[in-house]
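# Residue-level structure breakdown
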Amino acid sequence: MVKSVMVAYALWAAGGPLGLHHLYLGRDSHALLWMLTLGGFGFGWIREFIRIPAYVSEANQDAEKERKRPPIKVPPSVGPVRFAGQVCVGIYFGTVALIGLSSLSFFYLIVLPLCVGAGVHLVSSVGQQTSDLQKTLTACLITSPIFYGSTLSPLPISLAASVTAAQHSRFKPPQTPESKQNLGPRLYRLGLAWLAFSAPLGYCIFHNTTATLYYLSDCVAALLDIFWFLPWLRSVLEYILLMPYRVLCFFTGGGYYEEAWRKVLEILLKEYTEKEKEALQVLSLEVEASLEEITRSYRELAKTWHPDHNPSKEAEATFVKIQEAYEVLLRRHRPHRFK
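Residues numbered from 1 in each chain as written. Predicted model: local features only at pLDDT ≥ 70, side-chain atom pairs only at ≥ 80, totals over all residues. Heavy atoms only, no water.

### Things to note about the environment of Phe83
This is how it is decided: Strands are runs of DSSP state E lasting at least two residues, helices are runs of H or I lasting at least four, and both sets are numbered from the N terminus onward. Working definition: with a 1.4 Å probe on protein chains only, accessible area under 20% of the residue-type maximum means buried, over 50% means exposed, and in between means partly exposed. Contacts are assigned to residue pairs with any non-hydrogen atoms lying within 4.5 Å of each other.
Topologically, Phe83 is positioned in helix H7 (residues 80-100). Judged by relative accessible area, Phe83 falls into the partly exposed class, the value being 28%. In sequence terms Phe83 and Ala166 are 83 residues apart; their C-alpha atoms lie 7.4 Å from each other. Leaving out residues up to four positions away in the same chain, Phe83 has contacts with Val78, Ser162, Val163 and Ala166.

Laid out in structure tokens, this is it:
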């Protein structure tokens, strides 16, 4: 089917950063790259305004003529834009791996170089060109141990992979009508690739968001506790600090949505922070301990380690730790923590 320049421009304007126009033109590698980088970080999407006619022309080439054309033995030249894209996307993939996969075993030896190599190869496979994936990944695996443990290691690994990909670049074999796949299998493959990329990153973002909510909750509670002797001032500050939340409830309709948001916050904050885990250890409690069990353990330990009843040298320091641990856990179990 002949591709239209007007349709390509319409898809570029409507969903260009998601690669809809590349999907329409059969450029699946380019579409996946745009899906994972939101249009080449925005710059590539803008640049394509003048490139779309050339893309449409490539898509409309006669497959029979391409098949009869003698094979080109001269490797294609890798332009500065493609090379810079390989380096940047390789670093981007490596950074995502550092964020979401750094806890895996052999991360710097295997996982990180494979992720960087995948990013470089994705860019090198855009359009009519491709490269040798095996040699690109080998270059990454050789370079990675040299910069083992460094947070800047994606840069030299990506540079080595980009140079290797440029040295072994070649043209893709021409597609025939029989070799072209339907839209369904293509979308399925692109969806799997997008899921493999985004799942570790999404988990890490959720985990960090939970930690951030912990921190903000503790900061707000500590700030409000300063004004315990002035209840009216405490109420005013609480109202001001929660104003964004109240505005959100207003625009979402309040009522049911407000209760739903509160439940979401309770789920996110259900697990203990590191400070609360340390407090549980100080009071010799399990994670499932109730407020009554916390209070009972605190009273028993406070009675045992109170300096007036315990003459040992570490009694005072231990008593202070017990007091602080009890206050930390008491703040967690306050009924108005999420209001």
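### Re the packing of aromatic side chains
Formally: Think of it this way: a Phe, Tyr or Trp ring, Trp meaning its six-membered ring, pairs with another when their centres are within 6.5 Å, and the plane angle makes it stacked under 30 degrees, edge-to-face over 60, tilted otherwise. Whether a charge sits over a ring depends on NZ of Lys or CZ of Arg being within 6 Å of the ring centre and within 35 degrees of the ring normal.
Under the defined criterion, the tally for this structure stands at 11 aromatic pairs. With 5.0 Å between their ring centres and 50 degrees between their planes, Phe93 and Phe197 make a pair best called tilted. Residue Phe93 is located in helix H7, and its partner Phe197 is located in helix H11 (residues 183-225); the two are separated by 104 residues in the primary sequence. You'll find Phe93 and Phe197 in the same group, each marked buried. Each residue in the set Tyr9, Trp12, Trp45 and Phe49 is aromatic and connected to the rest through ring pairs, giving one cluster. Geometry around Tyr24 places Lys3 over its ring, the cationic atom sitting 4.8 Å from the centre. Of note, Arg27 hangs over the ring of Tyr55, and the distance from its end group to the ring centre comes to 4.0 Å.

### Describing H7
Under the convention used in this document: To estimate the expected span of a helix, subtract one from its residue number and multiply by 1.5 Å.
With 21 residues, H7 should reach 30 Å at 1.5 Å per residue; the first-to-last C-alpha distance of 30 Å fits that figure. Those residues of H7 not exposed but buried are Arg82, Gly85, Gln86, Val87, Val89, Gly90, Phe93, Gly94, Val96, Ala97, Leu98 and Gly100.

### Description of helix H10 (residues 154-167)
Over its 14 residues, H10 extends 20 Å from the first C-alpha to the last, a length consistent with the 20 Å expected when each residue adds 1.5 Å. Among the residues of H10, Pro154, Pro156, Ile157, Ser158, Ala161, Ser162, Thr164 and Ala165 are the ones counted as buried. Lining the buried residues of H10 we find H7, helix H8 (107-124) and helix H9 (133-143).

### A look at the pattern of salt bridges
Heads up, the condition is: Take a side-chain nitrogen of Lys or Arg and a carboxyl oxygen of Asp or Glu: if they are within 4 Å of each other, that pair is a salt bridge.
Evaluation of the coordinates by the stated rule reveals three salt bridges. In this structure, Arg186 and Asp28 form a salt bridge, with 2.8 Å as the shortest nitrogen-oxygen distance. In this pair, Arg186 sits in helix H11 while Asp28 sits in helix H3 (residues 28-41), placing the two residues 158 residues apart along the sequence. Looking at Arg186, the relative accessible area reads 13%, which means it is buried. With a shortest N-O distance of 3.9 Å, Arg189 and Asp28 are connected by a salt bridge. Of this pair, Arg189 sits in helix H11 while Asp28 sits in helix H3; the two residues are 161 residues apart in sequence, bridging distant segments of the chain.

### Things to note about the packing of H8 against H9
What counts here: Working convention: axes come from line fits to C-alpha atoms, limited for helices to the stretch in contact. Angles between N-to-C directions cover 0 to 180 degrees. Geometric relationships in this document are graded by angle, where less than 35 degrees denotes roughly parallel, more than 145 denotes roughly antiparallel, 65 to 115 denotes roughly perpendicular, and other angles denote oblique. The hand of a helix crossing depends on one turn: near helix anticlockwise from the far one by less than a right angle means left-handed, and clockwise means right-handed. Under the scheme applied, nonpolar residues are Ala, Val, Leu, Ile, Met, Phe, Trp, Tyr, Cys and Pro; charged residues are Asp, Glu, Lys and Arg; polar residues are all the others, including Gly.
Axis separation between H8 and H9 bottoms out at 8 Å; the angle between their running directions is 140 degrees. On the basis of their axis angle, the class for H8 and H9 is oblique. Seen from above, H8 lies across H9 with right-handed handedness. Where H8 approaches H9, its residues Leu109, Ile110, Pro113, Leu114, Val116, Gly117, Ala118, Val120 and His121 are matched on the opposing element by Leu133, Thr136, Leu137, Cys140 and Leu141. Here the contact of H8 with H9 is composed, by residue class, of 11 nonpolar, three polar and no charged.

### Quick look at the side chain of Arg186
Note the following rule: Pairing of N or O atoms within 3.5 Å defines a polar contact, subject to two protein rules: one partner must be a possible hydrogen donor and the other a possible acceptor, and residues neighboring in sequence count only if both atoms are side-chain atoms.
From its side chain, Arg186 meets the backbone oxygen of Leu23 in a polar contact 2.7 Å long. Leaving out residues up to four positions away in the same chain, Arg186 has contacts with Leu23, Gly26, Asp28 and Gln181.

### Description of the environment of Glu324
You can see Glu324 is positioned in helix H17 (residues 315-332). Of the residues examined, Glu324 reaches a relative accessible area of 47% and is grouped as partly exposed. A sequence separation of 45 residues divides Glu324 from Ala279, and the C-alpha atoms of the two residues are 7.8 Å apart.

### Some points on the side chain of Glu48
Our working rule: His is not counted, nor are the chain ends; Lys and Arg add positive charge and Asp and Glu add negative charge.
Position of Glu48 relative to the elements: it lies in the loop between helix H4 (43-47) and helix H5 (52-59). For the buried Glu48, no salt bridge is present, and the opposite-charge side chain at shortest range is Arg27, 6.1 Å distant. A polar contact is formed between the side chain of Glu48 and the side chain of Trp34, at a distance of 3.2 Å. The residues touching Glu48, leaving out its near neighbours within four places in the chain, are Trp12, His21, His22, His30, Trp34 and Tyr55.

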